[in-house]
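What follows is the residue order along each chain.
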Amino acid sequence: MAISSKARPVLLITALVLVAAGVVVARLPEEGTPTAAPPAPAPAPASTPAVVDALGGDGAGDPYYPQDGNTGYDVRGYDVAISYDPATRRLDGTTRVTATATAELTRFNLDLYALVVSQVEIGGQAAQFRQEGDHELVITPATPLARDAEFTVSVTYGGEPTLFEDRALGRSGWQISASGGAFAAGEPHSATTWFPANDTPRDKATFQLAARVPDGWSVISNGVEGDSTRADGWTTFRWSHPEPMATYLATVAIDRWTVERSALPDGTPVVDAYAPGAEGGREHQRRLPEVLEFLAGEFGPYPFDAAGGIYLVDNIGFSLETQTRPVYAGWADLDTVVHENAHQWFGNAVSLRSWADICLNECFASYAQWLWDEAKGGADLDARYRAEVERRADSAAYWSRKLYDMGRGNEFRGVYDKGQLALHALRRQIGEESFDRVIKDWLAEHHDGNASWPEFEAHVERISGQDLDGFFGAWFRGDQRPPDEHLWPGPLRR
């Protein structure tokens, strides 16, 4: 994610708690009929181990967002079908989630915000369900799911999608565009404002979408474009992405798009979409093949089967690396294109394990901008580094921003600028050959998976043959200006 310089000091305001009504029957009552959700059944006694083991947890265990995601199963794929009318802002959907049980399950959860569920089926058989809190969909199968069994849960739902507002992280999720269309983007949350999911980066899965909108509107999403069909004044657009993806990287964008299709030199399809008034983005997007070729030289082969970009006219506070097809705010420039496409390797192909590891995404995508300037503009990065260190010499606030385990709400405070300095210092500390190998081997070893910052530290020490505890402690784990021995490594030392 790249954040607008105007949005960085204070990224919007107050958290918005979205409460969905509890429902436990297979169908909603007639419209206008008052309802109340029956009370949830009393939990089984904790002293019954067989029952405790059979319950999927309502959180995946991220230290910053402990109730995001769920345990008890591993999602293999999402098959999302939605209808959305921009005139009424109503969304209706059915999502099929294919998963494998990692324990015997008599109950498990999905995450869904604000939208109301009307029916749940598992393997075609009706299941009991209820909605709890602001995002928990609790599902009870008619018969327990055996450990290691593959199952498909189908959820039917509807309502008016909405967004989250967070004092530190800003807006994310379903947003109405200036044109009257809509788009879904944001981190750490976004996907569950429009489809039910196991909303944790730890559970990556394939994704396909069929989105139905009134004629005149069109839909852009992740992956490869499929056929579109028209019927009764509506058009259905289809997209498919067969490679694993974290849920927050899924997007749907509905507008009166100008769509341009092309291909990379190796045949990879490229789909670029421009909202009305956003056609100026072509100036930057036309260089996408050059950007991807450069990044492939630095990081290894492009990791996905499609590429492109979605250009909004809206000046939202961020652009986002939605997988294969980043979403760009109205202010996005060429640096932003480099940044978001660097994320296709750092953050998308290799995803963080916990949000404390965000430097694995943002520090590297930000440093990719420096590498681009060095290669394409002849920038002297050592001189840039020295000038920035000297400019920030007396700024305790600048150095106090930790790059690893920075605390919830602080994920995006230091990674864009201090992160660039830290990685350049690391490059000079271990040398060019080791730095190149560190990057390429890391991405190859963890492709399609998840990894943590401590694992990266161990990876660098193994390849470089250096004891870097002091260096990593000063630059990434510390909250003060690094001592000179780590601030001026190798050729940076005067």
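Look a little higher up for the structure.
Numbers given for residues are sequential positions, taken from 1 along each chain in its written order. Reporting in this predicted model follows two pLDDT cut-offs: at least 70 for local features of residues, and 80 or more for side-chain atom pairs to be given and counted; totals over whole chains, interfaces and linings ignore these cut-offs and use all residues. Side-chain descriptors were evaluated using all non-hydrogen atoms of the structure, hydrogens and water having been removed beforehand.

**Considering the overall build of the chain**
Put simply, DSSP H or I for four residues or longer makes a helix, DSSP E for two residues or longer makes a strand, and each gets a number counted from the N terminus. The helix and strand inventory of the chain stands at 12 helices and 25 strands. For every residue, the accessible area obtained with a 1.4 Å probe (protein chains only) is divided by the maximum for its type, and the residue is called buried under 20%, exposed over 50%, and partly exposed between those limits. Here the chain holds 494 residues, and the buried ones make up 56% of them. Contacts are residue-level and defined by heavy atoms, with any inter-residue pair within 4.5 Å sufficient. Partitioning the intrachain contacts of the chain with sequence separation of at least 6 by distance along the chain shows that 69% fall at a separation of at least 24. Accessible surface for the chain amounts to roughly 19700 Å². Of this, 48% is attributable to carbon and sulfur atoms. All accessibility values rest on the Shrake-Rupley procedure with a 1.4 Å probe; residue burial counts only the protein chains present in the view.

**Notes on the state of the cysteines**
When the sulfur atoms of two cysteines come within 2.5 Å, that pair is taken as a disulfide. As enumerated under the stated definition, the model contains one disulfide in all. Cys 359 shares a disulfide with Cys 363; S-S distance 2.0 Å. One quick way to see it: the torsion about the S-S bond of Cys 359 and Cys 363 is about -110 degrees, and its sign makes the bridge left-handed. Here Cys 363 and Cys 359 lie together in helix 5 (residues 359-377), a separation of four residues that amounts to about one turn. On the basis of relative accessibility, which here comes to 1%, the residue Cys 359 falls in the buried class. Take Cys 363: its relative accessible area is 0%, and that puts it in the buried class.

**As for the packing of aromatic side chains**
One pair of aromatic rings is described through two measures. These are the centre distance and the angle between the planes. Between rings of Phe, Tyr and Trp, where Trp is taken as its six-membered ring, a pair exists when centres lie within 6.5 Å; planes separated by under 30 degrees are stacked, by over 60 edge-to-face, and by other angles tilted. For the coordinates displayed, the defined rule picks out 31 aromatic pairs. With a centroid separation of 5.7 Å and an interplanar angle of 70 degrees, the aromatic rings of Phe 299 and Trp 345 are classed as edge-to-face. Here Phe 299, found in helix 3 (residues 288-299), pairs with Trp 345, found in the loop between helix 4 (334-342) and strand 24 (350-352); they are 46 residues apart in sequence, far enough to count as distant. According to the relative accessible area criterion, Phe 299 is buried, its value standing at 3%. With a relative accessible area of 2%, Trp 345 lands in the buried category.

**Some thoughts on the pairing of strand 8 (residues 136-140)**
Most of strand 8 is tucked away: four of the five residues are buried. Whether two strands pair comes down to DSSP finding at least two bridges between them. Inspection of the sheet shows strand 4 (residues 108-111) paired to strand 8 by four bridges, in the antiparallel sense. Residue pairing in the sheet places Asp 111 in a bridge with Glu 136 of strand 8. Here five bridges tie strand 7 (residues 128-132) to strand 8, and the two strands are oriented antiparallel to one another. Residue pairing in the sheet places Phe 129 in a bridge with Ile 139 of strand 8. Counting the residues that bridge the hairpin from strand 7 to strand 8 gives three residues, and of these Gly 133 lies at a positive phi of roughly 60 degrees.

**Some thoughts on the environment of Glu 243**
Within the fold, Glu 243 resides in strand 17 (residues 234-245). Overall, Glu 243 belongs to the buried group, its relative accessible area being 17%. The sequence separation of Glu 243 and Phe 207 amounts to 36 residues, and the corresponding C-alpha distance is 7.8 Å.

**Quick word on the side chain of Thr 336**
Its location among the elements puts Thr 336 in helix 4. Looking at Thr 336, the relative accessible area reads 5%, which means it is buried. If we skip the residues at most four places from it in the chain, Thr 336 touches Ala 2, Ser 319, Tyr 328 and Trp 331.

**Things to note about the sheet that holds strand 11 (residues 170-176)**
Spatial ordering of the open sheet is given by 10-11-12-18-14, a layout of five strands whose pairing is antiparallel. Two strands lie at the open edges of the sheet, namely strand 10 (163-166) and strand 14 (218-221), each paired on one side alone. For this sheet, the mean angle separating the axes of adjacent strands, direction not counted, is 25 degrees. Direction of pairing for strand 10 relative to strand 11: antiparallel, over a ladder of four bridges. Bridged to Glu 165 within strand 11 is Arg 171. Axis definition: a line fitted to C-alpha atoms, over the contacting stretch in the case of helices. Angles run 0 to 180 degrees between N-to-C directions.

**Topic: the sheet that holds strand 4**
Read across the sheet, three strands follow the order 4-8-7 without closing on themselves; strand pairing throughout is antiparallel. In this open sheet, the two edge strands, each paired with only one partner strand, are strand 4 and strand 7. When the angles between neighbouring strand axes are averaged without regard to direction, this sheet yields 25 degrees.

**Observations regarding helix 6 (residues 381-391)**
Among the residues of helix 6, those classed as buried are Leu 381, Asp 382, Tyr 385, Arg 386, Glu 388 and Val 389. In a view along the axis of helix 6, the buried residues occupy a sector of 165 degrees, so they form one face of it. For helix 6, the secondary structure elements touched by its buried residues are helix 5, helix 7 (396-399), helix 8 (418-430), helix 11 (469-477) and helix 12 (484-487). The definition of a polar contact used here is a pair of N or O atoms within 3.5 Å, where within protein one atom must be able to donate a hydrogen and the other to accept one, and adjacent residues in sequence count solely through side-chain atom pairs. Taking the backbone nitrogen of Asp 382 as reference, a side-chain oxygen 3.1 Å away marks Asp 380 as the first, capping residue of helix 6. Note that the arc is computed from the directions linking the helix axis to the C-beta atoms.

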